[in-house]
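Given next are the chains, with one letter for each unit.
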Amino acid sequence: MNIDGRPWRTIWLEEGGRSVGVIDQTLLPHRFVTRSLTSVEEAAEAIVTMVVRGAPLIGVTGAYGLMLALQTDPSDASLAAAFERLDATRPTAINLRWALERVRAKVLPLAPQQRAEAAKAEAAAIAEEDVAMCEAIGDHGLRLFQEIAARRPEERRGQPLNVLTHCNAGWLATVDWGTALAPIYKAHRSGLPIHVWVDETRPRNQGASLTAFELGREGVPHTVIVDNAGGHLMQHGQVDAVIVGTDRTTRTGDVCNKIGTYLKALAAHDNGVPFYVALPGSTIDWSIGDGVKEIPIEARSPLEVTRIAGKPAAGEPTSVQLVPDGSDGFNPAFDVTPARLVTALITERGVAPASEAGLQALYAAA
Ligand code: MRU
């Protein structure tokens, strides 16, 4: 995506692969700062502290993290320790484990001196595939948006399609394009008038800070709303479709995404608003059938709930306390939306019902 006329991806190699460049997403939207990751520990820290975040991007960062570890020490023990360190950073998004396993499988049979180069090639391949998958999701999602726009009553034709999204599933969450935002970018670029309701997405406000930043830079009309406004907008016919990403999708079509997604799906179901989930195949966990019971939900610091961060005026702190002294917070970072509430899954291979049969039809031949 373009920032100030320059194309950017969210992750890139520097110095021929001796370090990995990333955008520090904790500083957006107020400061655009890049960082260089030079060791597996720095890669792990970047994932834990959410300098990089979003399921596909943490997968690619993990893959490059293994490369950095193998550059220093290509032994079996180093590979195992790096895998364990990176795998422990964030538990919910399956892309991380998937990418780590993919790199490990590639390098383990090789002689130690060949491993770092092989890890670099595999991580780069994962990154390139992610870009291609996200762009394909954009194309499939665009066709759905065109159909929804065409089905609207005569008096609403030509008016912007109102799409609601939660969290950030844009290019910042992937390597480029995004998952849920890819169809929105494609629609905007194709001339389909579109307007996005952006859930602020407490507690970390990925919607207000990252999605709004992305959409603004791309010139997509958007409005930030508090997380609780979506149901009201749906009751009043102001949402034509909801589209979100997912951090882990079960083989049965349950989707696990940023906390609050489930409530949006319930409201969409109650109001007959289509609820789409956009995902690359790397997000599917074929080993899991029941998302509510089986997907590990990351619990983050209560301080993300009890305090709120923002752009301070000169001399003010970057975060302030919201709650009375002594009040506790609880901070589950994701929730599961059962397949029955999902209108369809939009993947790089096409659009499928959120069901085992639907996913099998797309991926069985993989
Ligand atoms: O906690 P985050 O910011 O990593 O959560 C990100 C999301 O929930 C996204 O919607 C998800 O990763 C799918 S995006 C491609």
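Parameters and conventions
Residues numbered from 1 in each chain as written. Predicted model: local features only at pLDDT ≥ 70, side-chain atom pairs only at ≥ 80, totals over all residues. Heavy atoms only, no water. UniProt positions renumbered as here; feature names shortened; annotations may be inferred. Buried < 20%, exposed > 50% of the residue type's maximum accessible area, 1.4 Å probe, protein only. Helix = DSSP H or I, 4+ residues; strand = E, 2+ residues; numbered from the N terminus. Pairing = 2+ DSSP bridges. Near = heavy atom within 4 Å. Polar contact = N/O pair within 3.5 Å; in protein donor to acceptor, adjacent residues only side chain to side chain. Nonpolar A, V, L, I, M, F, W, Y, C, P; charged D, E, K, R; others polar. Disulfide = S-S within 2.5 Å. Salt bridge = Lys/Arg side-chain N within 4 Å of Asp/Glu carboxyl O. Axes fitted to C-alpha atoms, helices over the stretch in contact; angles between N-to-C directions.

Under an unreviewed UniProt entry, the name given to the protein is Methylthioribose-1-phosphate isomerase, and the organism recorded is Cyanobium gracile UHCC 0281. Its UniProt record gives the protein a comment under Function (unreviewed entry), which states: "Catalyzes the interconversion of methylthioribose-1-phosphate (MTR-1-P) into methylthioribulose-1-phosphate (MTRu-1-P)." What UniProt records for the protein under Pathway (unreviewed entry) is the sentence "Amino-acid biosynthesis; L-methionine biosynthesis via salvage pathway; L-methionine from S-methyl-5-thio-alpha-D-ribose 1-phosphate: step 1/6."

Caption draft 1: Structural detail: the pairing of strand β9 (residues 241-244). Side chains of β9 alternate between two faces, with Ala-241 and Ile-243 and Val-242 and Val-244 buried alike. Strand direction decides the pairing type here: strand β6 (residues 161-165) and β9, joined by 2 bridges, are parallel. Paired with Val-163 across the two strands is Ala-241, which belongs to β9. In terms of strand pairing, β9 meets strand β12 (residues 275-278) through 3 bridges, oriented parallel. Bridge pairing links Ile-243 to Tyr-276 in β12.

Caption draft 2: Layout of the site of the ligand. Near the ligand you find 19 residues, and of these Arg-53, Ala-55, Arg-90, Asn-257 and Lys-258 are the closest. Take Asn-257: an N or O atom from its side chain is 2.7 Å from an oxygen atom of the ligand. Between the ligand and Lys-258 there is a distance of 2.7 Å, counted from an oxygen atom to a side-chain nitrogen or oxygen. Taken together, the elements giving at least two residues each to the shell around the ligand come down to α2 (55-72) and β11 (255-258). A breakdown of the residues in the shell around the ligand according to their chemical character gives 7 nonpolar, 8 polar and 4 charged.

Caption draft 3: Layout of the state of the cysteines. Enumeration according to the criterion identifies 0 disulfides in this entry. Here Cys-167 is not disulfide-linked; the sulfur of Cys-256 is the nearest cysteine sulfur, at 11 Å. Assessed through its relative accessible area of 6%, Cys-167 is described here as buried.

Caption draft 4: Here's a closer look at the pattern of salt bridges. According to the stated counting rule, one finds 24 salt bridges in the structure shown. For Arg-204, the salt bridge identified is with Glu-304, shortest N-O distance 2.6 Å. Linking Arg-204 in the loop between β7 (194-199) and α7 (206-218) with Glu-304 in helix α11 (residues 303-306), this pair joins segments that are 100 residues apart in sequence. Overall, Glu-304 belongs to the buried group, its relative accessible area being 13%. For Asp-285, the salt bridge identified is with Arg-248, shortest N-O distance 2.7 Å. Residue Asp-285 is located in strand β13 (residues 284-285), and its partner Arg-248 is located in strand β10 (residues 248-250); the two are separated by 37 residues in the primary sequence. For the pair Asp-285 and Arg-248, a shared accessibility class is recorded, and that class is buried. Residues joined in a network through salt bridges with shared partners are Arg-90, Arg-204, Glu-298, Arg-300 and Glu-304.

Caption draft 5: Region of interest: the UniProt feature "site: Transition state stabilizer" (unreviewed entry) in the protein. The feature "site: Transition state stabilizer" (unreviewed entry), as given by UniProt, occupies Cys-167 in the numbering adopted here. Mapped onto the elements, Cys-167 comes out in the loop between β6 and α6 (181-190).

Caption draft 6: A look at the sheet that holds β9. Strands sit in the order β8-β7-β6-β9-β12-β17-β18 across an open sheet of 7 strands; the sheet is mixed. The sheet terminates laterally at β8 (222-225) and β18 (350-352), the two strands that pair on one side only. Taken over all neighbouring pairs, the strand axes of this sheet differ in orientation by 25 degrees on average, direction set aside. For β6 and β7, the ladder comprises 5 bridges, and the chain directions are parallel. Its bridge partner lying in β7, Thr-165 is registered against Val-198.

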